[in-house]
Amino acid sequence: MKLLQWFKEHRVFFDGGMGSLLQERGLKPGELPETWNLLHPEALVEIHKNYLQAGANILTTNTFGLNGLKFPAGGEWDLAALVTAAVENAAKARKEYERECREGGRKAQPSFIALDLGPTGKLLKPLGDLEFSRAVELYGEVIREGEQVGADVILIETMSDSLEVKAAVLAAKENCSLPVFATMAFDEKGKLLTGGNVESIVALLEGLRVDALGLNCGLGPVQMRPIAEKLLEVSSIPVIVNPNAGLPRSEGGKTVYDIDSDQFAREMAEIAEMGVWMMGGCCGTTPEHIKKLVQACEDYPVVWPEKKHRTVISSYAQAVVIGDNPVLIGERINPTGKAKFKQALRDHNLEYILQEGLTQQDNGAHVLDVNVGLPEIDEPAMMEEVVKELQAVLDLPLQIDTSNIQAMERALRCYNGKALVNSVNGKAEVMEAVFPLVAKYGGVVVGLCLDEEGIPETAEGRLRVAEKIYKTAERYGIGQEDILIDGLCMTVSSDSKGALTTLETLRRVRDELGGKTILGVSNISFGLPQREIINGAFFTMALHDGLSAAIINPNNEAMMRAYYSFRALSNLDLQCRDYIEIYGSNPVQGLGNTLKKGGQDTGLSGGGDVSGGSLSGTGKRSNAGLSGKEKKEMKLGEAIARGLKEGAAGAVSKLLLTEDALTIINREMIPALDKVGKGFEQGTVFLPQLLMSAEAAKGAFDVIKEQMQRSGQVQEVKGRIILATVKGDIHDIGKNIVKVLLENYGYQVLDLGKDVPPELVVETAVKEEIKLVGLSALMTTTVPSMEETIKQLRAKAPRVKVMVGGAVLTQEYADTIGADCYCRDAMASVNYAESVF
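Residues numbered from 1 in each chain as written. Predicted model: local features only at pLDDT ≥ 70, side-chain atom pairs only at ≥ 80, totals over all residues. Heavy atoms only, no water.

A. Expanded view of the sheet that holds strand β1 (residues 12–13). Reading across the sheet, the eight strands line up as β1-β10-β7-β6-β5-β4-β3-β2 and stay open at both edges, with parallel pairing between neighbours. Unpaired on one side and paired on the other, β1 and β2 (58–60) mark the two borders of the sheet. Pairing geometry for strand β7 (residues 239–242) and strand β10 (residues 278–279), over two bridges, is parallel. When the bridges of β10 are listed, I240 appears paired with M278. (Pairing = 2+ DSSP bridges. Helix = DSSP H or I, 4+ residues; strand = E, 2+ residues; numbered from the N terminus.)

Shown next, in the form of structure tokens:
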């Protein structure tokens, strides 16, 4: 029986935890759970069968940490053999369960084997050192073997990075024909480690066409309920909820959880009432938890989710909904008519391009158009590089603007989110080239109203092209909600009726076709003097006639005045708050003012914050209109806060001509890092921005170090700290993030790496006379190693302070294993180090 056919009419129950059950059967601290697939297959078969007897339909294989990084080729363990054994153990359990049901006269529940894929343990570039293509390869190796030996579905789980989950999904789509489920590890605020939220993840995963999505691990059912509710609100595909058995703590060297099976079932029943019908457990749950869950929820009806028909694009951090509230797309990252930009492309001056993006974000853009097409450069390579660099320093969604299909695919493949794609038209060859890419990678597509016969002169003709684009897109599984029709804006200087035709097209696409629209607004004034006068007036007319998204220059005051005025007059700006925030201090000038922060929600972002983690705080204009010749030279602190490495290095070099190195560090650099760190703690700055700021600071520090060496100055080391990922755990993302920040704050870090035995930590701490040790663990099976390390430190180095962190830890858990400090995030580690030293 095929899973996708069965689950449309039946409730689906996943199994529960694996690591804690293996520990009960003798898995030692630091021992790799996946090796039990070969060493103790009988234990895995027993666990799987117990879950089937409890009522589970989905068995997850013991492959959560199986990848080529943890089990490299030529190592002690063969990756393919471990995958094969994992699937065969589940298959054997299913076979024994079905036989026992037949012999006992009972009906066996249909069951399916899910090939379980967890995080690689590495951050992907540019935040870490793992290439996106390598991540796809790592997952592909496991997936090919898993399908070949009998897996029924791919389960990608416990993901905290949207780019990594994209790599895993693409690996599944490119290496097998199985259904794909993906679940994320959100925190209590509904955020991922790398900053994504529910809306951005749903946009990404639905664009990639997974078969079900949801959340697992990190939280218990109580904490997951509001996140599940939001998932149901925006998702058009089934939602999975697999919580932990509450929150963890340590008792007698073992990890236990605070919710028993009865309470777990009661809490899950409330989630089932909300409409979730794919559910199970994660860390700490047992066959008893799943048995009670099934009993409490099996009679709830299966309600297939309604298609939401939302037009949504996303970045790693936020989703932008294209609907009643017009969306602004910044047009400045485009060489057309821009001599300086063309030269920046020729010179490979990415810093110039990044500053163009940041300025547009500050001035109110919700999306950035990215066009790097010049005949004399390698456009595919440049497009991929610019997309990656832009996403490293800002959190706005991007519009991939190119007619080069290779450049388009390279950009869509590496893009962290669901992009806007510019464009297709009514020509068959263009649609046949672009739509397959959008079907594979996801996206919202701009559809130009022209075809083989050229640009229709009438609105009627343009609507016929729009309908052709809709129908062709549907054949590729692309819905009308993922198309923005461009009615084509022709210069009014050569066609006096051109504006009227475009406006009629906008109205009729909205009213007759029920579609969304987009325009490159400034085309209307080409060849005319004082173009912004025409542009502003036409923009207002277009907005009134239903324009959904406008490609404009957000640095231009006339356009922004038109936009904010229209929103205020159209009941889109509640109590005129945005208008007052921007123009209240100087209603005549507006442009160039230092604007107030913290404005109200404009309703464009699914998460309620248009700019996500932008340092300006709102996505509205904070340095309004400073573009081109008006731009001021960026100061060191701003360059660090923005994550601009070259800008920071250049700024510090100039400061060193007149300032003392230590003064620069203490007056400029540390306050900038503090500002970013505070934003991170408050949830207005996300991990990518935090790390890029740290990298910019590191670049500035390198310049300063060279100067200090030449002058004989010595930078004071605040203290020396050991960092280690504990025995048995190869996930060193958290440790590496903490290391970068500590070093920027003047600490010397002794990084012992991953899978570090307790004895090595203790030996190094004693030998080096260390005052502070930081320990990291991601998995429940490796927390006992953390506890053992702390015990040995207490015995042999009692004066050493220990800070701990990791996805499975809580304050209570840290207290029970004897840690001095639980660090929820990287900045908490810095703050604790400051207090210790």
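Picking up after the structure, the text goes on.
B. Examining the environment of K675 more closely. Turning to its location among the elements, K675 is positioned in helix α24 (residues 661–682). Owing to a relative accessible area of 53%, K675 belongs among the exposed residues under this scheme. Along the chain, K675 and P238 lie 437 residues apart, while their C-alpha atoms are 40 Å from each other. (Buried < 20%, exposed > 50% of the residue type's maximum accessible area, 1.4 Å probe, protein only.)

C. Here's a closer look at the sheet that holds strand β14 (residues 367–370). Taking strand neighbours around the barrel as the criterion, the eight strands line up as β13-β14-β15-β16-β17-β18-β19-β20 in a closed arrangement whose pairing is parallel. The mean angle between the axes of side-by-side strands here comes to 30°, regardless of whether they run parallel or antiparallel. Pairing geometry for strand β15 (residues 398–401) and strand β16 (residues 420–425), over three bridges, is parallel. When the bridges of β16 are listed, Q399 appears paired with L420. Against the sheet, helix α17 (residues 459–475) engages β16, β17 (444–448), β18 (483–486) and β19 (516–520), with an angle of about 160° to β18. (Axes fitted to C-alpha atoms, helices over the stretch in contact; angles between N-to-C directions. Contact = heavy atoms within 4.5 Å.)

D. Region of the structure containing the side chain of E199. By secondary structure assignment, the location of E199 is in helix α8 (residues 198–207). Polar contacts involving the side chain of E199 include one to the side chain of K230, which spans 3.3 Å. (Polar contact = N/O pair within 3.5 Å; in protein donor to acceptor, adjacent residues only side chain to side chain.)

E. Spatial organisation of the packing of helix α14 (residues 379–393) against helix α15 (residues 405–414). It is at 8 Å that the axes of α14 and α15 come closest, and there the two elements cross at 25°. Viewed along their axes, α14 and α15 adopt a mutual orientation that is roughly parallel. Handedness of the α14/α15 crossing: right-handed. Between α14, through E379, P380, A381, M383, E384, V387, K388 and Q391, and α15, the contact on the second element is made entirely by Q406, A407, R410, A411 and C414. Its residues assigned to classes, the contact of α14 with α15 comprises seven nonpolar, two polar and four charged. (Parallel < 35°, antiparallel > 145°, perpendicular 65-115°, else oblique. Left-handed = near helix turned anticlockwise from the far one by under 90°. Nonpolar A, V, L, I, M, F, W, Y, C, P; charged D, E, K, R; others polar.)

F. Structural context of the pattern of salt bridges. Taken as a whole and assessed by the stated rule, the structure comprises 41 salt bridges. Close ionic contact of R346 with E376 constitutes a salt bridge, the shortest N to O distance being 2.5 Å. With R346 in helix α12 (residues 339–346) and E376 in the loop between β14 and α14, the pair connects residues that are 30 residues apart, well separated along the chain. Of the charged contacts, one joins E452 and K468 as a salt bridge, the two residues approaching to 3.8 Å between their closest N and O atoms. Residue E452 is located in the loop between β17 and α17, and its partner K468 is located in helix α17; the two are separated by 16 residues in the primary sequence. Note on K468: relative accessible area 29%, which makes it partly exposed. (Salt bridge = Lys/Arg side-chain N within 4 Å of Asp/Glu carboxyl O.)

G. Structural view of the packing of helix α7 (residues 162–175) against α15. Following both chains from N to C, one finds α7 and α15 inclined at 120°, their axes separated by 10 Å at the closest point. Judged by the angle between their axes, α7 and α15 are oblique. Here α7 contributes L163, K166, L170 and E174 to the contact with α15, which in turn contributes L412, R413 and C414. Looking at the contact of α7 with α15, its residues break down into four nonpolar, no polar and three charged.

H. Examining the pairing of β14 more closely. By the alternation rule, side chains of β14 split into V367 and D369 and L368 and V370, which are all buried. Summarising the sheet, strand β13 (residues 327–330) and β14 pair through two bridges and their orientation is parallel. Residue pairing in the sheet places I329 in a bridge with V367 of β14. Relative to β15, β14 is paired through three bridges, and the arrangement is parallel. Opposite L368, over in β15, you have L398 as the bridge partner. Taken together, β14, α14 and β15 constitute a β-α-β crossover, and its handedness is right-handed. (Right-handed = clockwise from strand over helix to strand, strands pointing away.)

I. How the structure looks around α17. Relative to the 24 Å expected for 17 residues at 1.5 Å per residue, α17 spans 25 Å between its end C-alpha atoms, a close match to the ideal helical length. Buried within α17 we find A459, G461, R462, L463, V465, A466, I469, Y470, T472 and A473. Looking at the buried positions of α17, the neighbouring elements they touch are β16, α16 (428–441), β17, β18, α18 (498–511) and β19. (Expected span 1.5 Å × (residues − 1).)

J. Structural detail: α14. Between its first and last C-alpha, α14 extends 21 Å over 15 residues, near the 21 Å set by a 1.5 Å rise per residue. Most of α14 sits out of view: eleven of its 15 residues are buried.

K. Fine view of the packing of aromatic side chains. One pass over the full model with this rule turns up twelve aromatic pairs. A centroid spacing of 5.5 Å and a plane angle of 50° characterise the contact between Y747 and F837, whose relative ring orientation is tilted. Of this pair, Y747 sits in strand β22 (residues 747–751) while F837 sits in the segment after α30 (826–836), and the two are 90 residues apart along the sequence. A relative accessible area of 31% means that F837 is categorised as partly exposed. Within the aromatic cluster, the residues linked to one another by ring pairs are F7, F14, F181, W277 and W304. (Phe/Tyr/Trp six-rings, centres within 6.5 Å; stacked < 30°, edge-to-face > 60°.)

L. Looking closely at the pairing of strand β21 (residues 719–725). β21 sits mainly inside the fold: six of its seven residues count as buried. In this sheet, β22 lies alongside β21 in parallel orientation, the contact comprising five bridges. Paired with I721 across the strands is V749, a residue of β22. In this region the chain leaves β21, passes through helix α26 (residues 733–744) and returns to the parallel neighbour β22; the handedness of that crossover is right-handed. Sheet topology note: the β21/strand β23 (residues 772–776) ladder contains five bridges and is parallel. By the bridge assignment for β23, L723 is matched with G774.

M. A look at the confidence of the model for the protein. In the predicted model, the protein carries a mean pLDDT of 91, and 94% of its residues have values of at least 70. Scored below 50 in pLDDT, residues 587–603 makes 43 contacts in the model with residues more than four places away or belonging to other chains. This stretch, residues 605–630, has a pLDDT under 50; its non-local contacts, to residues over four places away or in other chains, come to 94 contacts. (pLDDT = per-residue confidence, 0-100.)

N. Broad picture of the side chain of N242. With respect to the helices and strands, the residue N242 is situated in strand β7. Assessed through its relative accessible area of 4%, N242 is described here as buried. A polar side-chain atom of N242 sits 2.6 Å from the main-chain amide nitrogen of G280. Residues contacting N242, with those up to four places away along its chain left out, are F14, L215, N216, C217, M224, M279, G280, G281 and C282.

O. Spotlight on the nonpolar core. Membership of the largest hydrophobic core comes to 205 residues, with the highest contact counts inside it found for I154, I156, L636, M669 and L742. If one sorts the elements of this core by residue count, helix α25 (residues 687–711) sits on top with eleven residues. Discounting residues that sit within four places of it in the chain, L636 has contacts with A648, A651, V652, L655, I664, E668, M669 and A700. (Core = buried A, V, L, I, M, F, W, Y, C linked by side-chain atoms within 4.5 Å.)

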